[in-house]
Amino acid sequence: YNRRCYWRWLAMAAIEGGGWMSDYDLFPLSLSAEKGQEIAEDPSFKSFALHVPCLLHASREEWDRVIHRMIELLPNPEDTEGILDLTDMLS
């Protein structure tokens, strides 16, 4: 499961123009279409939750920048003992 969470970040970095990423069980009821369009015009990386990456928007370049930073922060498997529970919520 956690590996797939990273894959979705990679997928967003591959989409021309970038865009929105959300969890499948998220319903942003307070976000109007007009506000969503206004947010989408800003290419910067935006997260609409505290530590759970459940609703995000960015340009392709910003998605690429952030996923590369997340990869840089991954611990070296040789430096860890046992099975490491990696998650995009802690990156």
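Residues numbered from 1 in each chain as written. Predicted model: local features only at pLDDT ≥ 70, side-chain atom pairs only at ≥ 80, totals over all residues. Heavy atoms only, no water.

Undergrad: Just checking my understanding: could you explain the overall build of the protein for this structure?
TA: Scanning the protein for helices and strands turns up three helices and three strands. In the protein, the succession of α and β elements from N to C terminus is α-β-α-β-β-α. Expressed as a percentage of the 91 residues in the protein, the buried residues total 30%. Sequence-distant contacts, at least 24 apart, represent 58% of the contacts inside the protein between residues at least 6 apart. Element-wise, carbon and sulfur atoms account for 57% of the exposed surface of the protein, whose accessible area totals about 6,700 Å². (Helix = DSSP H or I, 4+ residues; strand = E, 2+ residues; numbered from the N terminus. Buried < 20%, exposed > 50% of the residue type's maximum accessible area, 1.4 Å probe, protein only. Contact = heavy atoms within 4.5 Å. Areas by Shrake-Rupley, 256 points an atom, 1.4 Å probe, with all protein chains shown as cover.)

Undergrad: It is not clear to me how the sheet that holds strand β1 (residues 19-22) should be interpreted in this structure. Could you clarify?
TA: Either a parallel or an antiparallel arrangement is found when strands of a sheet pair, and the pairing is made through backbone hydrogen bonds. With antiparallel pairing, three strands are arranged side by side in an open sheet as β1-β3-β2. Where the open sheet ends on each side, the last strands, each with one partner, are β1 and β2 (46-47). With four bridges joining them, β1 and strand β3 (residues 55-58) adopt antiparallel strand pairing. The residue of β3 that forms the bridge with Gly19 is Ala58. Strands β1, β2 and β3 of the sheet are contacted by helix α2 (residues 33-40), whose axis makes an angle of about 115° with β1. (Pairing = 2+ DSSP bridges. Axes fitted to C-alpha atoms, helices over the stretch in contact; angles between N-to-C directions.)

Undergrad: How should I be thinking about the environment of Pro28 in this particular structure?
TA: Mapped onto the fold, Pro28 is located in the loop between β1 and α2. Residue class for Pro28 comes out partly exposed when judged on its relative accessible area of 35%.

Undergrad: Even after reading the chapter, I still don't get the packing of aromatic side chains, so can you show me in this structure?
TA: The description of an aromatic ring pair uses the distance of the two centres, along with the angle that the planes make with each other. For the coordinates displayed, the defined rule picks out four aromatic pairs. Where Phe45 meets Trp63, the ring centres are 5.3 Å apart and the plane angle is 85°; that geometry is what we call edge-to-face. Taken together, the residues span a long stretch of sequence, with Phe45 in the loop between α2 and β2 and Trp63 in helix α3 (residues 60-73) at a distance of 18 residues. Residue Phe45 is classed as partly exposed on the basis of its relative accessible area, which comes to 23%. (Phe/Tyr/Trp six-rings, centres within 6.5 Å; stacked < 30°, edge-to-face > 60°.)

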